[in-house]
Amino acid sequence: MYSATLFTGNLGLDLADFGVIKVLYAIKRRGYNKSMLVYPEVFDVIVVGAGHAGCEAALAAARMGHSTLLTTINADRIAHMSCNPAIGGLAKGHLVKEIDALGGEMAKNIDATGIQFRRLNTKKGPAVWSSRAQADMELYRQRMKQIIERQPNLWVKQAVVDEILVENGKVKGIKTSIDEVYLGKTVILTTGTFLRGLIHVGLKNFPSGRMGDPPSNSLSECLKRLGFEIGRLKTGTCPRLDGRTINYDVLEPQYGDNPPHPFSFSTEKIDRPQVPCYITYTNEETHEIIRSGLDRSPLFTGAIRGVGARYCPSIEDKVVRFPEKPRHQIFIEPEGLNTTEIYPNGIPTSLPIDIQLKMVRSIKGLEKAEIIRPGYAIEYDYANPIQLKPSLETKLIKGLFFAGQINGTSGYEEAAAQGIMAGINAVKYVRGEEPVILDRSQAYIGVLIDDLVTKGTNEPYRMFTSRAEYRLLLREDNADLRLMEIGYELGLINEEIYKKFLQKKKNIEDSLKRLEEIKIKPTAGINDALQKMGTAPIRNPVTLKDILKRPEVDTYALGVFDEYFQSLPQVVAKEVAFQVKYEGYIKHQQEQVARFKKWEHAKLPADLDYYSLPGLSNEIKEKLSKIRPASLGQAARIPGVTPAAITILQVYLHKQKKAA
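Everything numeric in this text was worked out from a predicted model, so none of it was measured.

Caption draft 1: Quick peek at the overall build of the protein. Of regular secondary structure, the protein possesses 21 helices and 23 strands. In terms of C-alpha radius of gyration, the protein reaches 27 Å, essentially the compact-globule figure of 26 Å for 660 residues. A principal-axis box enclosing the C-alpha atoms of the protein has dimensions of 95 × 75 × 55 Å. Burial analysis of the protein (660 residues in total) assigns 57% to the buried set. Where the 89 positive side-chain charges of the protein centre and where its 77 negative ones centre are 3 Å apart.

Here it is in structure tokens:
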């Protein structure tokens, strides 16, 4: 695509036209190197970091037809799973389905490389059902790397990015640690745990982005110079065990669903070999061993200063915080079909290695276990996400976007969800078009991003179903009905998948209409059929919809009255049943959404001087000025903004509308 040129002070017209001369001279003043390598072509999108956020961002931008550069510190670690070998889980599965409905890759990748699939929370209502799959970690990484490498419009470079090039408040490109300059109309930072990453094992610590890879130190300093508020977070991982040294006979097996349910709406079935996981528990001996090592724990000696995840604490933190609990569950997860490495999910730790070994061997089934890789904690820098617009573009620098752990989130799925939205909106920025903003009533992705940019976070943010007010409408199974048309309009969903979606949508609409049109009468034959399907007879004529509302009746059972319902695809039959059985609740939530939309449509001017509005407290003026909410609805969700303040804003908007 591009022919590299050595920059010796004479710039070609292509660079001059881009207006980057001042940027390069600024670099010169800070330590110019005459052998600097400048690539004259200007990329539409540059993505820094090739983790789960970076992959989705780069693929989205390239698939939308724009030249995209993806840089990574280690090209062998594209889409590497640094922590547990799984995709999905409670609420996280919703995110994966939504990414797929928009045209992302994560769901397809896990479908092609998963070795156990399970639906969680199935004893509760469908709104909180969540999918989870164990991944073959190596295959997951390899397949995503192949997808990235074969994607038109997308180029990969192995590089450590030291600097973001900025001119007149607009991003212009990046500079690497070996003096390469890549020019770009937009830049997306998806840095994961690499910004000044510091690994802790006991009282030993060393700089690293993750175990085995160098950190990115200069980039963090660059962001500070640019004026970003930078904080410090901490996460941890479990020791990896040699599966040959585990006694599985005494462990509780945990099998996947049969047949497994795919993540992607385009996957017909999972035909890969499936394997079990296992469950075991810590015990009082384990807890005593952990307590004996607290004097050498970086978490309890003050060596770690970053804030850890409240909902996924280290095992030593759990033992100290919950002394009344006699045991904690451990999920024994295989890391792949072609490796003996095992991930004991539930004991993330940064204790010294001698304590880690004693701790592991005190657990049932792990008495002779060998540790292949130690558990560790990692501290890293992040940028407070209230510095972002809902598009994930930064407020400080035009054309610069942040996605993933740099925004304070934890988890592959949260990162990927931000990645695809950042990729989409970077392209929208290049085109001069309005960004795509998913609101809280449309998607968990909307909830995630709105929480981040409205409330910020001072601890690793994790998605839960409880964060979504409209979760009855935001189910896993209907993510395509909510979002696939958006993905298609963006060019991220191909014709074949879209036609399949349209047929599903038509089948649902036809089925719902048919249920209301067909009536059955209380004849002996009809009542006999009802009793056979385990439901009460009828006394008056009723529609099939009335029958389907009964908890014990499913859609296929109606086939005795109308053969049409016998041939419905399973996904259609389930969606129809849900919409009918929960109709009252759904209508109530739709009414709530209608009220929510009114406030979301009440847009606040981006340049509104909140200090000029009488009646607002100084604290509220400061918060509104810092976050700059896009709408009245977003303003109402800012912590500390009172109903009285919202009334003042409503009055202001009313006066502005009247004046116009």
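The structure having been displayed, the exposition proceeds.
Caption draft 2: Molecular detail of the packing of helix 8 (residues 284-292) against helix 10 (residues 353-361). Remark: helix 8 packs on helix 10, axes separated minimally by 9 Å, with the N-to-C direction vectors making an angle of 175°. With respect to helix 10, the element helix 8 is oriented roughly antiparallel. Facing Thr 286, Ile 289, Ile 290 and Ser 292 of helix 8, the residues of helix 10 in contact are Ile 355, Lys 358 and Met 359. Its residues assigned to classes, the contact of helix 8 with helix 10 comprises 4 nonpolar, 2 polar and 1 charged.

Caption draft 3: Structural detail: the side chain of Ser 220. Mapped onto the elements of the fold, Ser 220 is located in helix 7 (residues 218-225). Overall, Ser 220 belongs to the buried group, its relative accessible area being 0%. Setting aside residues no more than four positions away along its own chain, Ser 220 makes contact with Leu 195, Arg 196, Ile 230 and Asp 381.

Caption draft 4: How the structure looks around the nonpolar core. Formed by 99 residues in total, the largest nonpolar core has its most connected members in Leu 189, Met 421 and Ile 445. With 10 residues, helix 11 (residues 412-431) is the single largest residue contributor to this core. Apart from the residues lying within four places of it in its own chain, the contact partners of Met 421 are Leu 102, Ser 391, Leu 392, Val 436, Leu 438, Ile 445 and Ile 449. With 23 residues, the next largest nonpolar core counts Leu 251, Tyr 278, Leu 351 and Leu 366 among its residues.

Caption draft 5: Examining the environment of Leu 90 more closely. Looking at where Leu 90 falls in the secondary structure, it is placed in the loop between strand 4 (86-88) and helix 4 (92-102). In sequence terms Leu 90 and Met 463 are 373 residues apart; their C-alpha atoms lie 8.2 Å from each other. Each residue touching Leu 90, except ones within four places of it in the same chain, is listed here: Leu 120, Asn 121, Ser 130 and Met 463.

Caption draft 6: A look at helix 21 (residues 643-659). Taking 1.5 Å as the rise per residue, helix 21 with 17 residues should run 24 Å; its terminal C-alpha atoms sit 24 Å apart, in good agreement. The set of residues buried in helix 21 consists of Ala 645, Ile 646, Leu 649, Tyr 652 and Leu 653. Taken down its axis, helix 21 places every buried residue within 115° of arc, on the same side. Away from its buried face, by an angle of more than 90 degrees, helix 21 presents the exposed residues Pro 643, His 654, Lys 655 and Lys 658.

Caption draft 7: The arrangement of the sheet that holds strand 15 (residues 252-254) in detail. Spatially, 6 strands are ordered 15-16-17-18-14-19 in an open sheet, and the strand pairing comes out antiparallel. Across the chains shown, the open sheet's two edge strands, defined by having one partner strand only, are strand 15 and strand 19 (371-373). Pairwise comparison of adjacent strand axes, ignoring direction, gives a mean angle of 35° for this sheet. Inspection of the sheet shows strand 16 (residues 277-281) paired to strand 17 (residues 329-334) by 4 bridges, in the antiparallel sense. For Thr 280, the partnering residue across the bridge sits in strand 17 and is Ile 330.

Caption draft 8: Representation of helix 17 (residues 570-581) within the structure. For helix 17, with 12 residues, the first-to-last C-alpha span of 16 Å sits near the 16 Å given by 1.5 Å per residue. Those residues of helix 17 that sit buried are Val 572, Ala 573, Glu 575, Val 576, Ala 577, Phe 578 and Val 580. Looking at the buried positions of helix 17, the neighbouring elements they touch are helix 13 (479-489), helix 14 (495-517), helix 16 (544-548) and helix 18 (583-601).

Caption draft 9: Structural context of the sheet that holds strand 12 (residues 204-207). Strand order in this open sheet of 4 strands is 12-11-20-13, and the pairing throughout is antiparallel. Each end of this open sheet is capped by a strand with a single partner; those strands are strand 12 and strand 13 (230-237). Pairs of neighbouring strands in the sheet enclose a mean axial angle of 25°, with direction left out of account. Judged from the 3 bridges that link them, strand 11 (residues 198-201) and strand 20 (residues 376-383) form a sheet pairing that is antiparallel. When the bridges of strand 20 are listed, Leu 198 appears paired with Glu 379.

Caption draft 10: The arrangement of the pattern of salt bridges in detail. Under the counting rule described, the total for this entry stands at 48 salt bridges. Among the ionic pairs, Asp 213 bridges to Arg 77, the shortest N-O distance being 3.3 Å. Highlighted residues: Asp 213 in the loop between strand 12 and helix 7 and Arg 77 in the loop between strand 3 (68-72) and strand 4, separated in sequence by 136 residues. Here Glu 469 and Arg 440 are joined by a salt bridge, their closest N and O atoms 2.9 Å apart.

Caption draft 11: Examining the side chain of Asp 480 more closely. Secondary-structure assignment places Asp 480 in helix 13. Of note is the side chain of Asp 480, whose polar atom sits 2.8 Å from the side chain of Lys 504. Ignoring any residue separated from it by four or fewer positions in sequence, one finds Asp 480 in contact with Ala 101, Phe 265, Phe 501 and Lys 504.

Procedures and definitions
- Residues take numbers from 1 onward in each chain, read along the sequence in its written order.
- Where local features are concerned, this predicted model is filtered to residues with pLDDT of at least 70; where side-chain atom pairs are given and counted, the filter is 80 or more; whole-chain, interface and lining totals use all residues.
- Computation of side-chain values: all heavy atoms of the structure, hydrogens and water removed.
- A helix here means a DSSP run of H or I that spans at least four residues, while a strand means a run of E at least two residues long, and both kinds are numbered starting from the N terminus.
- The globule rule used for comparison is 2.2 Å times the number of residues to the exponent 0.38, while the radius of gyration itself is calculated over C-alpha atoms.
- The rule is simple: take the accessible area with a 1.4 Å probe, protein chains only, and divide by the maximum for that residue type; under 20% is buried, over 50% is exposed, in between is partly exposed.
- When charges are tallied, Lys and Arg are placed among the positive residues and Asp and Glu among the negative ones, while His and the ends of the chain are skipped.
- Note that the charge is assigned to NZ on lysines, CZ on arginines, CG on aspartates and CD on glutamates.
- An axis is simply a line fitted to the C-alpha atoms; with a helix, the fit covers only the stretch in contact. Between two such axes, the angle follows the N-to-C directions and lies from 0 to 180 degrees.
- Working definition: roughly parallel below 35 degrees, roughly antiparallel above 145 degrees, roughly perpendicular at 65 to 115 degrees, and oblique for all remaining angles.
- Residues count as neighbours in contact if any of their non-hydrogen atoms are within 4.5 Å of one another.
- Gly is placed with the polar residues, together with every amino acid not listed as nonpolar (Ala, Val, Leu, Ile, Met, Phe, Trp, Tyr, Cys and Pro) or charged (Asp, Glu, Lys and Arg).
- Take the buried Ala, Val, Leu, Ile, Met, Phe, Trp, Tyr and Cys residues and link them wherever side-chain atoms come within 4.5 Å; each set so joined is a nonpolar core.
- Under the convention used throughout, the expected extent of a helix is 1.5 Å for every residue step, that is, one less than its residue count.
- Throughout, the arc means the angular range of directions from the helix axis out to the C-beta atoms.
- Here the rule is simple: two strands pair whenever DSSP picks up at least two bridges between them.
- Each reported salt bridge corresponds to a side-chain nitrogen of Lys or Arg within 4 Å of a carboxyl oxygen of Asp or Glu.
- Definition of a polar contact: a pair of N or O atoms within 3.5 Å, with one able to donate and the other able to accept a hydrogen when the atoms are protein atoms, and with sequence-neighbouring residues admitted only if both atoms are side-chain atoms.

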